Number of protein chains: 2
Amino acid sequence: MLKTLDRAGYHLTGQRRAMAELIASRSDSFTADDLVAEAAEARPPIGRATVFRSLEIFESLGLVERVHVVRSDHAYVVCDPARHHHHLVCERCGRNTEIRDVGIAAIARDLADKTGYRVNSHRFELFGICPDCQTTSPNNS
Amino acid sequence: MLKTLDRAGYHLTGQRRAMAELIASRSDSFTADDLVAEAAEARPPIGRATVFRSLEIFESLGLVERVHVVRSDHAYVVCDPARHHHHLVCERCGRNTEIRDVGIAAIARDLADKTGYRVNSHRFELFGICPDCQTTSPNNS
DNA sequence: TTTACTGCAAACATTTTGCAGATGT
DNA sequence: ACATCTGCAAAATGTTTGCAGTAAA
């Protein structure tokens, strides 16, 4: 992650290292605000503005991605920037599973043919309940 | 559209009728703010708060849907509430083409098997350039 | 040493809310 | 008549920006 930042010409500041650590240690999705809260505790502490600025950079490098979580927009998830992929997010705990391409690209190509659109990108996100949450507390609609 | 509102027990006020008309006349995607501007001109004029409240209702009834347009979140598109579908949005003009299910459901089912998640919903959105915009002004990155 | 980065606090944009009065049923 | 709906303006969110100081290269 740091390597990606460095390679892109960004300074490796203490804050960005701390950000990378905070983000990397997350297996679930998180909001900018979650991060702001944690970041204030980090060493060195990271200000709100910097969190947003970093997220922007991280996103532009494909290290994190914004997903459209039900009932609360703008969550982020960690990504492997190298591969095209999609996300499967647990609606209960926020856990995120990265999905390799599974034939969506072919469907997109097919739709391009049928509609005449030139399809530049697509977004495929799945929401559900992860295995762990299915066993724990099966209550909750 | 009005019928759907009525059947759901909502009052058919002048504002809601006007909203329905504004929305129905759109073949492209629009932001809440677009609508606020138009709504102020409508008769009867519709206030900001009412636009948001109406959009919320319309969305809950499946009459419109929020899509995650690149470079500007929170656009809305008109929907057929009866059918499961996806959206293909033109990045240039905002035009929206509704896509019937094209095998995504099967993929989702397959992923549920592989990951152990109970998949409740998915979101599949495509972005590109519509046929018209491809011929008109082919400049613009 | 030079330019990028950071924090702060203020500015912004967007959406929500309380309340008194208007309106649909 | 009664509950719902509306507008307004204020408040709550969420994100961005200007600027003076700080730190990386």
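Rules used in this analysis
- Residues numbered from 1 in each chain as written.
- Chains lettered and ligands numbered in written order.
- Predicted model: local features only at pLDDT ≥ 70, side-chain atom pairs only at ≥ 80, totals over all residues.
- Heavy atoms only, no water.
- Pairing = 2+ DSSP bridges.
- Helix = DSSP H or I, 4+ residues; strand = E, 2+ residues; numbered from the N terminus.
- Contact = heavy atoms within 4.5 Å.
- Axes fitted to C-alpha atoms, helices over the stretch in contact; angles between N-to-C directions.
- Buried < 20%, exposed > 50% of the residue type's maximum accessible area, 1.4 Å probe, protein only.
- Least-squares fit on C-alpha atoms with pLDDT ≥ 70 in both.

**Some thoughts on the sheet that holds strand 2 (residues 64–67) of chain B**
Residue and element names in this part refer to chain B.
Move 1: Here three strands make up an open sheet; going across it, the order is 1-3-2 and the pairing antiparallel. The sheet is open, and its two edges are formed by strand 1 (30–31) and strand 2, each paired on a single side.
Move 2: Direction of pairing for strand 2 relative to strand 3 (residues 75–78): antiparallel, over a ladder of four bridges. If you follow Glu65 over to strand 3, its bridge partner there is Val77.
Move 3: Packed onto the sheet, helix 4 (residues 48–60) meets strand 1, strand 2 and strand 3 and runs at close to 100 degrees relative to strand 2.

**So, the sheet that holds strand 2 (residues 64–67) of chain A**
Residues and elements named next belong to chain A.
Move 1: Strand order in the open sheet made by the three strands is 1-3-2, with antiparallel pairing throughout. Each edge of the open sheet carries a strand with a single partner, namely strand 1 (30–31) and strand 2.
Move 2: Across the sheet, helix 4 (residues 48–60) lies against strand 1, strand 2 and strand 3 (75–78), angled at about 100 degrees from strand 2, the strand it touches most.

**Some thoughts on the environment of Asp33(A)**
Residue and element names in this part refer to chain A.
Move 1: On the secondary structure map, Asp33 appears in helix 3 (residues 32–41).
Move 2: On the accessibility criterion, Asp33 (57% relative accessible area) is exposed.
Move 3: Spatially, the C-alpha atoms of Asp33 and Val51 are 9.0 Å apart, while their sequence positions differ by 18 residues.

**A look at the relation of the copies chain B and chain A**
Move 1: Aligned on chain A, chain B shows an RMSD of 0.1 Å; the corresponding rotation is 180 degrees and the shift along the axis is 0.0 Å. These values place the two chain copies in the arrangement generated by a two-fold rotation axis. The C-alpha atom lying nearest the rotation axis in chain B is that of Phe124(B); the distance is 2.2 Å.

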